[in-house]
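Breakdown of the fold
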Amino acid sequence: MSEALTFHFDVDGENFTSAGQASVQVKKNLRQLGLTPEIIRRVSIAMYEGEINMVIHAGGGMADVTVNEDTIEIVLTDHGPGIKDIDQAMQEGFSTAPDSIRQLGFGAGMGLPNMKRYTDHMHIASTVGVGTTITMQVNIPK
Amino acid sequence: MDTYEHSVFLDVEKCNGCTTCLKHCPTEAIRIRDHHAVINEQRCIDCGECIRLCHNKAKRAVCSKLSAMDRFKWKIALPAPTLYGQFDNLDDVDYVLNGLLKIGFDDVFEVSAAAELVSAYTRVYLKTEGVKKPVISSACPVVVRLIGLRFPFLNDNIIRMLPPMEIAAMLARERAKKQHPELSDDEIGVCFISPCPAKVSYVKNGFGGYRSLVDVVVSISDIYFQLINAMKHSDDLPTMSSSGMIGIGWATTGGEATAIFNENYLAADGIDNVIRVLDQIENGNIPKLEFIELNACTGGCVGGVMSMQNPFIAKARLQSLRRYLPVSQNFLSKEEEKYIPEGYFFNSLPTYNPISRLSDSMAESMRMMSDIQKLREELPGIDCGSCGAPTCRAFAEDVVRHRADLRDCMIAHREELEQYLLKKG
């Protein structure tokens, strides 16, 4: 068993053009590791949605990706407003994004549901006023 | 093994090993070794950026001379619509087409005319049930190769329709055989007059399993002066052109996309923009779109490195040339516009090739990447290119892959030297 690889990214807040850069970089790294296109796509979509969320709601945050031989773990940490009702937030179409953001084409309420759909495991820990940590896992089939 | 034959050629004598192409290659395919550029053929997508940027004219597109057509009995020219944008005060495409006959061609088939058929059938295709949206154009060979190599998930979005050049070649051959049944296939030569080096590679290599019907590709810049001398003003010019606004519009970005008659399209150009758009489509974060047109060159095909003119000037000229033309001259009947003929499709794309993979084994790849990460921390991070790699990151990869020596980093090496001198002093 080889040592786990970790990648750390700071996600810049308030800037949509740079949002998604971490996911592009992770995609490059996973390609170099020789993972299948399917796995790479799932990780990059989950990362991308998470990054956009952090930009819209939390003014940025951090993304940490850990690659083991059998699983990829993504931890997104922010110090934003936190999520009041996680079950509600997980519903498709539910969004608290302001109109200004929706006009940009974001805030369709698909972020969290997509993150869940494209990963094998997802856990949200959030405290209102403190911040949110989302942990996701994508298993690598043997 | 990738046996793809490229069309970018390096003149070693002229290359002084500057870092211009190195820094701008979108796939990081170039390294400087022994004071000159070396192209990694597996990574090269023939986008022509290095040809465009080289100050020393050391990078060139390899294509044929017009004399390569001498071996054919019946010579057909396929002018790209970009060609029409290369001439000042041109008010009629027929001057160009008649000029092509004067310089030795027996027939001319406009690629723009074929493009109008492709546009008509793309509209049919978009309405076909089960088609994966957004549909991505297959016209730019650089984009198709890029998707094949790097974005395998978007493979199914590419429209499996042959590009206009290929349709033009097919129809031109059919016309030749009809007019001259005595000609054998080998006696008919089809010559594409191209702004684009990637078309040269496409013709040489085919497309997945498809073999091109074009025999020879010459560059617009190569025939330009010969052609312009043959384009004489005349009042009784035979009418030859059969393309409309749509066909000529294909030469510039947005021309192909607007011809689908649906506002839900995206048209992007410039290879870096194209890559960014593809990354975003792959993440699924795009508005609902029907069609995506991507051109590796800024401005579209008019920006090809084998053309003569500034792409924006060429575009302005095409705008005035198009102005009084009919929208389209494809002359398809209502019935014909319902089905796409079988011969217009190709089957397979270049296969996904994870060229950037560090090792065949995941465990080994992980170990290597961990080494790369550690090494990057030691490197200055200023991406100066003096080591011969485009970035410090790429250099770290090269070192870990044993393709470069850590001492090639001038800055790290200087520090080492200073330490040594200090100790000695």
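Residues numbered from 1 in each chain as written. Chains lettered and ligands numbered in written order. Predicted model: local features only at pLDDT ≥ 70, side-chain atom pairs only at ≥ 80, totals over all residues.

Assigned secondary structure in chain A consists of five helices and five strands. Relative to a compact globule of 142 residues, whose C-alpha radius of gyration would be 14 Å, chain A shows 15 Å and is just as compact. Projected onto its principal axes, the C-alpha positions of chain A cover 45 × 30 × 25 Å. By the burial criterion, 36% of the 142 residues in chain A qualify as buried. (Helix = DSSP H or I, 4+ residues; strand = E, 2+ residues; numbered from the N terminus. Rg over C-alpha atoms; globule rule 2.2 N^0.38 Å. Buried ≥ 20, exposed ≤ 12 C-beta atoms within 10 Å, placed from the backbone.)

This next bit is on the overall build of chain B. Check the secondary structure of chain B and you find 15 helices and eleven strands. By the compact-globule yardstick of 22 Å for 425 residues, chain B fits well, its C-alpha radius of gyration being 24 Å. If you line up chain B on its principal axes, its C-alpha atoms span 90 × 50 × 40 Å. Counting across all 425 residues of chain B, residues that qualify as buried make up 46%. Restricting to contacts in chain B with at least 6 residues of sequence separation, those with at least 24 account for 76%. (Contact = placed C-beta atoms within 7 Å.)

Attention shifts here to the confidence of the model for chain B. Residue and element names in this part refer to chain B. With 99% of its residues at a pLDDT of 70 or more, chain B shows a mean pLDDT of 91. The weakest mean pLDDT in chain B belongs to helix α15 (residues 410–424) at 84; the strongest belongs to strand β5 (residues 74–79) at 98. Across the whole predicted complex the pTM is 0.86, and at the interface the ipTM reaches 0.78. (pLDDT = per-residue confidence, 0-100.)

Let us look at helix α6 (residues 164–179) of chain B. Residue and element names in this part refer to chain B. Helix length check: α6, at 16 residues, gives a terminal C-alpha distance of 22 Å against a target of 22 Å (1.5 Å per residue), a fit within 8%. Among the residues of α6, Pro164, Met165, Glu166, Ile167, Ala168, Ala169, Ala172, Arg173 and Ala176 are the ones counted as buried. Buried-residue contacts for α6 involve β5, β6 (107–108), α4 (111–127), β8 (188–194) and α7 (197–205). (Expected span 1.5 Å × (residues − 1).)

In this section: the domain arrangement of chain B. Residues and elements named next belong to chain B. Per the domain assignment, the segments making up chain B are domain 1 (1–62), domain 2 (66–344) and domain 3 (357–425). The gap between the C-alpha centroids of domain 1 and domain 3 is 22 Å. Counting from both sides, the interface comprises eight residues of domain 1 and, opposite them, five residues of domain 3. Within the residue set of the side of domain 1 that touches domain 3, elements represented by two or more residues are α1 (20–24) and β2 (30–33). It is β2 that provides the largest number of residues to the side of domain 1 that touches domain 3, a total of three residues. (Domains from an automatic or database assignment.)

This next bit is on the packing of α4(B) against α6(B). How two helices sit against one another is set out by the angle between their axes and by the gap between those axes. Residues and elements named next belong to chain B. Between α4 and α6, the shortest axis-to-axis distance is 8 Å and the interhelical angle comes to 110°. The angle between α4 and α6 falls in the class roughly perpendicular. Each of Val111, Ala114, Ala115, Leu117 and Val118 in α4 lies in contact with α6, whose residues at this interface are Pro164, Met165, Ile167, Ala168 and Leu171. Here the contact of α4 with α6 is built from residues that sort into ten nonpolar, no polar and no charged. (Axes fitted to C-alpha atoms, helices over the stretch in contact; angles between N-to-C directions. Parallel < 35°, antiparallel > 145°, perpendicular 65-115°, else oblique. Nonpolar A, V, L, I, M, F, W, Y, C, P; charged D, E, K, R; others polar.)

This part is about the environment of B:Tyr339. Residue and element names in this part refer to chain B. Residue position: Tyr339 is located in the loop between α12 (311–322) and α13 (362–378). Look at Tyr339 and you get exposed, because 10 C-beta atoms sit within 10 Å. As for Tyr339 and Thr128, which are separated by 211 residues in sequence, their C-alpha atoms are 9.8 Å apart.

All right, on to the sheet that holds strand β1 (residues 5–12) of chain A then. Residue and element names in this part refer to chain A. A sheet is described by the order of its strands in space; here five strands give the open sequence β1-β2-β3-β5-β4, paired in antiparallel fashion. Of all the strands in the sheet, just β1 and β4 (121–127) have a single pairing partner and so form its edges. On average, adjacent strands in this sheet sit at an angle of 10° to one another, irrespective of strand direction. Direction of pairing for strand β2 (residues 60–67) relative to strand β3 (residues 71–78): antiparallel, over a ladder of six bridges. (Pairing = 2+ DSSP bridges.)

Attention now moves to the interface of chain B and chain A. On the chain A side, the residues contacting the 21 residues of chain B number 19 residues. Looking at the side of chain B that touches chain A, the elements that each hand over two or more residues are α11 (271–282) and α13 of chain B. Counted by class, the side of chain B that touches chain A contains ten nonpolar, seven polar and four charged residues.

All names here are of chain B. Taken together, three strands build an open sheet; the order of strands is β7-β11-β10 and the sheet is parallel. A strand with exactly one partner marks an edge of an open sheet, and here the two such strands are β7 (135–136) and β10 (265–269). By the bridge criterion, two bridges tie β7 to strand β11 (residues 291–295) in an arrangement that is parallel. Counted as the bridge partner of Val135 is Phe291 from β11.

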